[in-house]
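# A structural walkthrough
The primary structure of each chain is shown beneath.
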Amino acid sequence: MPQLFTPITLGGVTFANRIAVSPMCQYSATDGVPNDWHAQHLASLSMSGAGLLVVEMTAVEPEGRITPHCLGLYSDATEAAFEPILATCRRWGTAKLGIQLAHAGRKGSVRVPWEGGTPLAGNAGAWQTYASSAIPFDEEWHTPQALDDAGLARIRDGFVASARRADRLGFELVELHGAHGYLLHNFVSPISNRRNDAYGGSLANRMRFPLEVAAAVRAVWPRDKALGMRITGSDWIDGGLTAEDAAVFANELHGIGFDYVCVSSGGISPQARVALGPGYQVPFAETVKKQSKIAVQSVGLIVDPHLAEAIITEGRADCVALARGFLDDPRWGWHAADALGAEIAHPPQYHRARPRLWPGAALVRR
Ligand SMILES: Cc1cc2nc3c(=O)[nH]c(=O)nc-3n(C[C@H](O)[C@H](O)[C@H](O)COP(=O)(O)O)c2cc1C
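All of the points below concern the structure found in this document. A quick note: this is a predicted structure, and the numbers were derived from the prediction, not measured.

### As for the environment of Ser44
Turning to its location among the elements, Ser44 is positioned in helix α1 (residues 36–45). For the pair Ser44 and Ile8, spaced 36 residues apart in sequence, the C-alpha separation works out to 23 Å.

Spelled out as structure tokens, the structure:
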């Protein structure tokens, strides 16, 4: 049996295999509310063969969105709109459902990528952004407001309120977004955090706010579900975060009672230079796995099923997530199972695509 297709238990949830559909922003919501785009996107990926499908970065307050079209889970309207979509995924799909909760911080208030991804003009609905320090992401970007104690408390409470909504919606996993330059990463990274209070300076101080958020969410998120954070394995910039820093952070999260970390990288500054290649973030995951006790997910250009299998069998990570691979091939899990010789669940409506599940189907024309 390929290791990729063995079950994995995170917290109180057992997933059928070690493959996740990575969260992917769709920039298609209105006022944070998901619609029929999300319905078909998520329903399709819930039948992809992955054991876990994580809904895209979803903001905990309107100002926490990247673009005006990002998802939110901060109001009764946003919560209610998820219900029928998740019901469809559960009724027909095979993946368990998770959601990534986030605050975009200083990378918010921008246009959708296909309109350039650049900062919104004031007359196009720009909003005040927030960060650890009042330093813009890049020239011509919005200058964020450095969060004061009241702002920190508001955002921490926003994460808690969204986690409660996610629980009510029946999500079995919550992942906090602590990477890609968004607010929680913005605190941890020395590149963006220039505070000189208890939330800046040493790594312990820079981790303080994300860990406060993590502890507050842990307090309300049920232990029989799964809880994790996407963290940064490298800022890809001199003086930035390293995999060793990620391991320290992961150990703190483990101490709080988190069940897993997903080790990603990049996004803190336009100056970062990422060295891309197959499995390019696996070494960071491996360092975190060696230096901590928490379960580790690896992500990033893992497309070949044999590479995914090797990452697990070589003990470099406990599970993998794929993003673009699933956009390109929404049945990646089926094809990986074929390539590695594993059996996985398929919706019976699609059995005819698998002759062994529908003997004689190839001979019958209907
Ligand atoms: C369309 C798209 C949207 C993405 N949105 C998110 C997101 O919402 N949250 C996140 O943590 N990463 C996001 N990412 C990053 C992916 O989850 C993943 O980490 C990255 O693409 C590397 O994996 P891949 O090589 O399998 O695509 C996004 C990537 C793509 C391609």
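### Quick look at the site of the ligand
Taken together, 15 residues sit near the ligand, with Ser22, Cys25, Gln100, Leu301 and Arg324 positioned nearest. Side-chain polar atom of Gln100 to a nitrogen atom of the ligand: 2.7 Å apart, as the coordinates give it. At 2.6 Å, a backbone N or O of Leu301 approaches an oxygen atom of the ligand. Burial of the ligand by the surrounding chains reaches 83%, relative to a free accessible area of 600 Å². Split by residue class, the shell around the ligand holds eight nonpolar, five polar and two charged.

### What about the nonpolar core?
Counting residues in each nonpolar core, the largest one holds 84 residues, and the members touching the most others are Phe171, Leu176 and Leu253. Tallying contributions element by element places helix α5 (residues 203–220) first for this core, with eight residues. With 15 residues, the next largest nonpolar core counts Ala20, Leu52, Tyr260 and Val299 among its residues.

### Some words on the environment of Leu301
Inspection of the secondary structure puts Leu301 in the loop between β12 (295–299) and α8 (305–313). Residue Leu301 is classed as partly exposed on the basis of its relative accessible area of 30%. Apart from the residues lying within four places of it in its own chain, the contact partners of Leu301 are Leu276, Gly277, Pro278, Gly279, Tyr280, Leu307 and Arg324.

### Some words on the side chain of His41
Among the structural elements, His41 can be located in helix α1. Here His41 falls in the buried class, since its relative accessible area comes to 10%. Excluding anything up to four places from it in sequence, His41 contacts Met24, Gln26 and Leu327.

### Considering the state of the cysteines
One pass over the structure, following the stated rule, counts zero disulfides. Take Cys262: it sits in no disulfide, and the sulfur closest to it among the cysteines is that of Cys319, at 7.8 Å. What makes Cys319 buried here is its relative accessible area of 4%.

How each quantity is defined
Residues numbered from 1 in each chain as written. Predicted model: local features only at pLDDT ≥ 70, side-chain atom pairs only at ≥ 80, totals over all residues. Heavy atoms only, no water. Helix = DSSP H or I, 4+ residues; strand = E, 2+ residues; numbered from the N terminus. Near = heavy atom within 4 Å. Polar contact = N/O pair within 3.5 Å; in protein donor to acceptor, adjacent residues only side chain to side chain. Areas by Shrake-Rupley, 256 points an atom, 1.4 Å probe, with all protein chains shown as cover. Nonpolar A, V, L, I, M, F, W, Y, C, P; charged D, E, K, R; others polar. Core = buried A, V, L, I, M, F, W, Y, C linked by side-chain atoms within 4.5 Å. Buried < 20%, exposed > 50% of the residue type's maximum accessible area, 1.4 Å probe, protein only. Contact = heavy atoms within 4.5 Å. Disulfide = S-S within 2.5 Å.

What is shown is where atoms sit, not what they do.
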